[in-house]
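Survey of secondary and tertiary structure
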Amino acid sequence: MKLLAFLSVLALVPQETGAASFSTKERKRREEQMPEEGDASEVLPLSPDNYGEVIDLSNFEELTDYGDQPPEVKVTSLAPATRISPAKSTEAPKTPSSKPTTSRPTTAGLILSSQPNHGLPTCLVCVCLGSSVYCDDIDLEDIPPLPRRTAYLYARFNRISRIRTEDFQGLTKLKRIDLSNNLISYIANNAFCLLHALRELILRENRLEALPVLPTGIEILDARLNQLRSSGIQPAAFRALEKLRFLYLSDNLLDSIPGPFPLSLRSLHLQNNLIDTMQRDVFCDPEEHKYTRRQLEDIRLDGNPINLSLFPSAYFCLPRLPIGCYT
């Protein structure tokens, strides 16, 4: 009896030892399979024992089955717009006509059909406002071709050295030309004579030695600060200018008074020249002692080497004596 009980105990001992050995090996295997602390790359194996640890069913609203649709992306900032080059047209190119039509740009109603020495239309180099063209201080060396409607031209402070016959050809509406402060030493004799609407011609501060033929309708001629000589002014050049009112020839090289003058003249400036003598009839007609030139009130001869007291008979028709030296 005791023997049977002893044998039963011996039969149970190996089984418990094997079970304990199996439990130890299984625990080590599981520990090796478990991820180390902080290792985010390992995922717990899904089993009925740990199902609640792997999938938190309390947050099931966050799990969305997108299926074939891409997930929604939230945009936090706008990316800069990018230019998309237009696709090339698949239409066949149009064949240009044999006579293409071109439109010329206009500025203030003036057609730009001319090219000055800058290689650009005049009204892109100058400023065109209505019938006025302003070409001041842009280093012009010649008169630019002007629109036909030009009535007022201002081309001051440039480097223009000559005036040609064709520069103002056909510009019948010109009323004022101002070419002050240039380098003009030559003007074609007939450059202005066909400008019948011209009223004011300003040639101040140039290098002129002679005056061209002037249009009969001119009212103001300003040629101060040049190099004009008496030989450069034609005899009786001003007598036919029946509308001339203001004549400014001061600061030149004149050695005589370039008369006679029209009855319309009101102001005559000849100061700072080389005038040393005077004709009796330069202002008055010796045969008409009762005639008085009431309009000619401003005559300046100061700055000349002339003694005005030596020519008393030359002033009897004037309302005022000329300004100058009387001693």
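Structure's up top.
Residues numbered from 1 in each chain as written. Predicted model: local features only at pLDDT ≥ 70, side-chain atom pairs only at ≥ 80, totals over all residues. Heavy atoms only, no water.

Details of the overall build of the protein chain
- Across its full length, the protein chain carries three helices and 13 strands.
- Counting only contacts in the protein chain whose residues sit at least 6 apart along the sequence, the fraction spanning at least 24 positions is 40%.
- Carbon and sulfur atoms form 53% of the exposed surface of the protein chain, whose accessible area is close to 22200 Å². (Helix = DSSP H or I, 4+ residues; strand = E, 2+ residues; numbered from the N terminus. Contact = heavy atoms within 4.5 Å. Areas by Shrake-Rupley, 256 points an atom, 1.4 Å probe, with all protein chains shown as cover.)

Examining the sheet that holds strand β9 (residues 200–202)
- Pairing in this open sheet of nine strands is mixed, and the strands run β3-β4-β5-β7-β9-β10-β11-β12-β13 from one edge to the other. Of all the strands in the sheet, the pair left with one neighbour each is β3 (127–129) and β13 (298–300). Within the sheet, the average angular offset between the axes of one strand and its neighbour, ignoring direction, is 5°.
- As paired elements, strand β4 (residues 132–134) and strand β5 (residues 152–154) share three bridges and run parallel to each other. Across the sheet, residue serine 132 finds its bridge partner in β5, namely tyrosine 152. (Pairing = 2+ DSSP bridges. Axes fitted to C-alpha atoms, helices over the stretch in contact; angles between N-to-C directions.)

Description of the side chain of asparagine 273
- Its location among the elements puts asparagine 273 in the loop between β12 (267–269) and β13.
- Among the polar contacts listed, one links the side chain of asparagine 273 to the backbone oxygen of leucine 249, at a separation of 3.2 Å.
- A distance of 3.3 Å separates a polar atom in the side chain of asparagine 273 from the backbone oxygen of glutamine 271. (Polar contact = N/O pair within 3.5 Å; in protein donor to acceptor, adjacent residues only side chain to side chain.)

Some details on the side chain of aspartate 167
- Mapped onto the fold, aspartate 167 is located in the loop between β6 (162–163) and β7 (176–178).
- Overall, the relative accessible area of 7% leaves aspartate 167 in the buried class.
- At 2.7 Å, the side chain of aspartate 167 and the backbone nitrogen of arginine 164 are in polar contact. (Buried < 20%, exposed > 50% of the residue type's maximum accessible area, 1.4 Å probe, protein only.)

Description of the packing of aromatic side chains
- Under the counting rule described, the total for this entry stands at five aromatic pairs.
- Aromatic side chains tyrosine 134 and tyrosine 154 sit 5.0 Å apart centroid to centroid with 5° between the ring planes, which places their arrangement in the stacked category. Of this pair, tyrosine 134 sits in strand β4 while tyrosine 154 sits in strand β5, placing them 20 residues apart in sequence.
- Classification of tyrosine 134 as partly exposed rests on a relative accessible area of 31%.
- Here tyrosine 154 falls in the buried class, since its relative accessible area comes to 14%.
- Pairing phenylalanine 246 with tyrosine 248 gives two aromatic rings, centres 6.3 Å apart and planes at 35°, and the pair type is tilted.
- Overall, tyrosine 248 belongs to the buried group, its relative accessible area being 18%.
- An aromatic cluster of at least three residues, connected via ring pairs, comprises Phe238, Phe261 and Phe283.
- The ring of tyrosine 248 is capped by arginine 224, whose NZ or CZ atom sits 5.6 Å from the centre of that ring. (Phe/Tyr/Trp six-rings, centres within 6.5 Å; stacked < 30°, edge-to-face > 60°. Lys NZ or Arg CZ within 6 Å of the ring centre and 35° of its normal.)

Here we look at the state of the cysteines
- Applying the stated criterion across every chain, the model contains three disulfides.
- Note on cysteine connectivity: cysteine 284 is disulfide-linked to cysteine 317, with sulfurs 1.7 Å apart. What sets the handedness of the cysteine 284 and cysteine 317 disulfide is the S-S torsion sign, and at about -85° it is left-handed. Of this pair, cysteine 284 sits in the loop between β12 and β13 while cysteine 317 sits in the segment after β13; the two residues are 33 residues apart in sequence, bridging distant segments of the chain. Across this residue pair, the class does not change: cysteine 284 and cysteine 317 are buried.
- Once the bonded cysteines of the protein chain are numbered in order along the sequence, the disulfide links fall as 1-3, 2-4, 5-6. (Disulfide = S-S within 2.5 Å.)

Description of unusual backbone geometry
- Residue proline 260 is bonded to the preceding glycine 259 through a cis peptide linkage, with omega at 0°.
- Within the element layout of this structure, proline 260 appears in the loop between β11 (246–248) and β12.
- One non-glycine residue, aspartate 137, adopts positive backbone phi at about 55°.
- Topologically, aspartate 137 is positioned in the loop between β4 and β5.

Considering the pattern of salt bridges
- Tallied over the full model, the rule gives twelve salt bridges.
- Measuring nitrogen to oxygen at the nearest pair gives 3.9 Å for the salt bridge that ties glutamate 166 to arginine 164.
- Linked by salt bridges that have partners in common, Asp136, Arg156, Arg176, Asp178 and Glu200 make up one network. (Salt bridge = Lys/Arg side-chain N within 4 Å of Asp/Glu carboxyl O.)

Here's the deal with the environment of threonine 292
- Relative to the elements of secondary structure, threonine 292 occurs in the loop between β12 and β13.
- In the structure, threonine 292 is positioned 24 residues away from phenylalanine 316 in sequence and 7.9 Å away in space, judged by C-alpha atoms.

Let's talk about the nonpolar core
- With 60 residues, the main nonpolar core has Ile163, Phe168, Ile177, Phe238, Leu249, Met278 and Phe283 as its most contacted residues.
- With residues near it in sequence (within four places) discarded, methionine 278 still touches Ile257, Phe283, Leu301, Ile306, Leu308, Phe311, Ala314 and Tyr315. (Core = buried A, V, L, I, M, F, W, Y, C linked by side-chain atoms within 4.5 Å.)

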